[in-house]
Amino acid sequence: MGWTCQHDSKGFCKLLKVSCQPGIKGCILNKGAEVVFTTGNYEEDKKKAESQSEEIDFKKLARSN
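Structural notes, computed from the coordinates. Everything numeric in this text was worked out from a predicted model, so none of it was measured. (Residues numbered from 1 in each chain as written. Predicted model: local features only at pLDDT ≥ 70, side-chain atom pairs only at ≥ 80, totals over all residues. Heavy atoms only, no water.)

Some details on the sheet that holds strand β1 (residues 8–9)
So, point 1. Spatial ordering of the open sheet is given by β1-β2-β3, a layout of 3 strands whose pairing is antiparallel. Because the sheet does not close on itself, it has two edges, and the strands there are β1 and β3 (18–19).
So, point 2. Bridging between β1 and strand β2 (residues 12–13) involves 2 bridges; their strand directions are antiparallel. Paired with S9 across the strands is F12, a residue of β2. (Pairing = 2+ DSSP bridges. Helix = DSSP H or I, 4+ residues; strand = E, 2+ residues; numbered from the N terminus.)

Topic: the environment of Q6
So, point 1. Checked against the element boundaries, Q6 lands in the segment before β1.
So, point 2. The spacing of Q6 and I28 is 22 residues in sequence and 9.7 Å in space, taken between C-alpha atoms.
So, point 3. Sequence-distant contacts of Q6, that is, excluding residues within four places in its chain, are made with K14 and I28.
So, point 4. At a separation of 3.3 Å, a polar atom in the side chain of Q6 contacts the side chain of H7. (Contact = heavy atoms within 4.5 Å. Polar contact = N/O pair within 3.5 Å; in protein donor to acceptor, adjacent residues only side chain to side chain.)

So, the layout of surface pockets
So, point 1. Approximately 200 Å³ is the volume attributed to the second largest pocket.
So, point 2. Forming the walls of the second largest pocket are 15 residues, and the residues nearest its centre are C5, D8, C20, P22 and L29.
So, point 3. Taken together, the residues of the lining of the second largest pocket sort by class into 11 nonpolar, 3 polar and 1 charged. (1 Å grid on protein atoms, 1.4 Å probe; cavity = no way out; pocket = protein on both sides within 12 Å on 5 of 7 lines; lining within 4 Å. Points joined across faces, edges and corners; volume = space filled by probe spheres on them. Nonpolar A, V, L, I, M, F, W, Y, C, P; charged D, E, K, R; others polar.)

Structural data, given as structure tokens:
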């Protein structure tokens, strides 16, 4: 299944008037829904996801409540 953004014009975002980068600030794809962007290469995506993983600071969360 494929989908194309209505604002994408050959890699240029007509809404933000910048080159298309799905999920950037102001992008309609960044409106609360969890959207997964992929390069089509499972191994590359897996490495990228692992490098971007963040640790949860449970002590900080406990103090904020």
